[in-house]
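Remarks on the overall topology
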Amino acid sequence: MPQLTIVVPAYNESRVLDAFHARLMAVVDGLTVDTHVLYVDDGSQDDTWARISGYCSDARVGGLRLSRNFGKEAALTAGLDAVSKGAAVVIDADLQDPPELIPALIEPWQAGYDVVYATRSARAGESALKRLTAAAFYRVMERLSDTPLPRDTGDFRLLSRRALDALGQLRERQRFMKGLFAWIGYRQTSISYQRDPRLAGDTKWNYWRLTQLAIEGITSFSNAPLRLATWVGLGAAMFAFAYGLWVLAKALLWGDPVRGYPTLMVVILFLGGVQLLALGVIGEYLGRNYAESKQRPLYFIAERHRGDS
């Protein structure tokens, strides 16, 4: 029988976890494939791990607890690394992505697709600003990235065995999983759904963390910021050179009564700002190389529960 593992990363989700688990297991009971559930506790500070341990009385449920909060990308990697057989479904525990959609992900997989991702046709419970910034991010990534990323698509998806094996070879430390899912290629398709509002608890993705994720995605899959810094620097240099020739010609032809302090300050501040911007972009890429050069493990597992344990 085909085997499927549902990987659920969780961080401080105790308020919603019982409701999620009940809905998820109701879906699992109705599936025609051999299905297991693997929870990954990303160093939660509430009783998330205690609840996961209780679920493991069911032989179909297992759990991993990381030694600290490594971030969702690392927790997701830990869960996918633990899937040794069959395919995997990735779903968050906040019930914004409905577990009832999993059978619809399975059908294209059984038809031969390696990656089946769920695209949001609507985002309920989110502010207009968040919807606008999310849409802008996906469209910017679409233009900048050398690897096309599907629009309005999160981590909720199914990955075949060979897609998981391919992901297992990508051990970069600065991880942007949405980009890695697309980068491996293979046959991919999508299904549409309406995303629900969070059932309980608070989102872990404030605007600061979303901004950091956006920078991570852009710098991981595009050199466009470096190219932009190069072209802006070249343009500024050409402008400064042309302006310098104009000042020289004006002084030779009509003289110069020692004026132009405001203009001089504007030019200095403009060129200084361009240089600092370019240094910041270079620093982002240099920092990524520094992190990769240390070759630290992506995560550590503190505890592990198997079904019936």
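Naming follows an unreviewed UniProt entry, where the protein chain appears as Glycosyltransferase family 2 protein of Dyella ginsengisoli. Regarding the protein chain, the UniProt comment filed under Subcellular location (unreviewed entry) reads as follows: "Membrane".

Turning our eyes to something else, we now look at the overall build of the protein chain. Helix and strand counts for the protein chain stand at 10 helices and eight strands. Taking as baseline every contact in the protein chain between residues at least 6 positions apart, the subset at least 24 positions apart corresponds to 83%. About 16200 Å² of surface is accessible on the protein chain, with carbon and sulfur atoms providing 59% of the total.

It is worth spelling out the packing of aromatic side chains at this point. All told, the structure shown has three aromatic pairs when counted by the stated rule. Taking 5.6 Å as the distance between ring centres and 45° as the angle between the ring planes, the aromatic pair formed by Y39 and Y55 counts as tilted. With Y39 in strand β2 (residues 34-41) and Y55 in helix α2 (residues 48-55), the pair connects residues that are 16 residues apart, well separated along the chain. Looking at Y55, the relative accessible area reads 11%, which means it is buried. Seen in terms of ring centroids, F156 and Y193 are 5.9 Å apart; in terms of plane orientation they differ by 85°. Their pairing is edge-to-face. Of the two residues, F156 sits in strand β6 (residues 153-159) while Y193 sits in strand β7 (residues 188-195), which places them 37 residues apart along the sequence. A connected cluster of aromatic rings, assembled from ring pairs, spans F20, Y39 and Y55. Taking NZ or CZ as reference, R68 lies 4.0 Å from the ring centre of F70, over its face.

A few words on unusual backbone geometry. You will see that N12, though not glycine, has its phi angle at about 55°, which is positive. Following the sequence through the fold, N12 ends up in the loop between β1 (3-10) and α1 (14-29). The backbone of L95 sits at a positive phi, close to 65°, despite the residue not being glycine. With respect to the helices, strands and loops of the structure, L95 is situated in the loop between β4 (87-90) and α4 (102-110).

So, about the pattern of salt bridges. Applying the stated criterion across every chain, the model contains 12 salt bridges. Residue E100 pairs with R23 through a salt bridge whose shortest N-O separation is 2.8 Å. Pair noted here: E100 is in the loop between β4 and α4 and R23 is in helix α1, with a separation of 77 residues, a long-range link. Overall, the relative accessible area of 29% leaves R23 in the partly exposed class. Notably, a salt bridge pairs D155 with K72, separated by 2.9 Å at the nearest N-O pair. Remark: K72 occurs in helix α3 (residues 72-81) and D155 occurs in strand β6; sequence separation between them is 83 residues. Linked by salt bridges that have partners in common, D18, D47 and R51 make up one network.

Quick look at the environment of R151 now. Along the chain, R151 falls in the loop between α5 (128-144) and β6. For R151, a relative accessible area of 37% puts it in the partly exposed group. When the C-alpha positions of R151 and S121 are compared, they lie 10.0 Å apart, and in sequence the two are 30 residues distant.

Among the residues of α2, T48, W49, I52 and Y55 are the ones counted as buried. Buried residues of α2 fall within an arc of 115° about the axis and therefore sit on the same side. Residues of α2 that are buried make contact with β1, α1, β2, β3 (61-66) and β8 (301-305).

Let us now look at α4. Listed as buried for α4 are I102, L105, I106, P108 and W109. The buried residues of α4 occupy an angular sector of 165° when projected down its axis, which confines them to one face.

Analysis parameters
- Residues numbered from 1 in each chain as written.
- Predicted model: local features only at pLDDT ≥ 70, side-chain atom pairs only at ≥ 80, totals over all residues.
- Heavy atoms only, no water.
- UniProt positions renumbered as here; feature names shortened; annotations may be inferred.
- Helix = DSSP H or I, 4+ residues; strand = E, 2+ residues; numbered from the N terminus.
- Contact = heavy atoms within 4.5 Å.
- Areas by Shrake-Rupley, 256 points an atom, 1.4 Å probe, with all protein chains shown as cover.
- Phe/Tyr/Trp six-rings, centres within 6.5 Å; stacked < 30°, edge-to-face > 60°.
- Buried < 20%, exposed > 50% of the residue type's maximum accessible area, 1.4 Å probe, protein only.
- Lys NZ or Arg CZ within 6 Å of the ring centre and 35° of its normal.
- Salt bridge = Lys/Arg side-chain N within 4 Å of Asp/Glu carboxyl O.
- Arc of directions from axis to C-beta.

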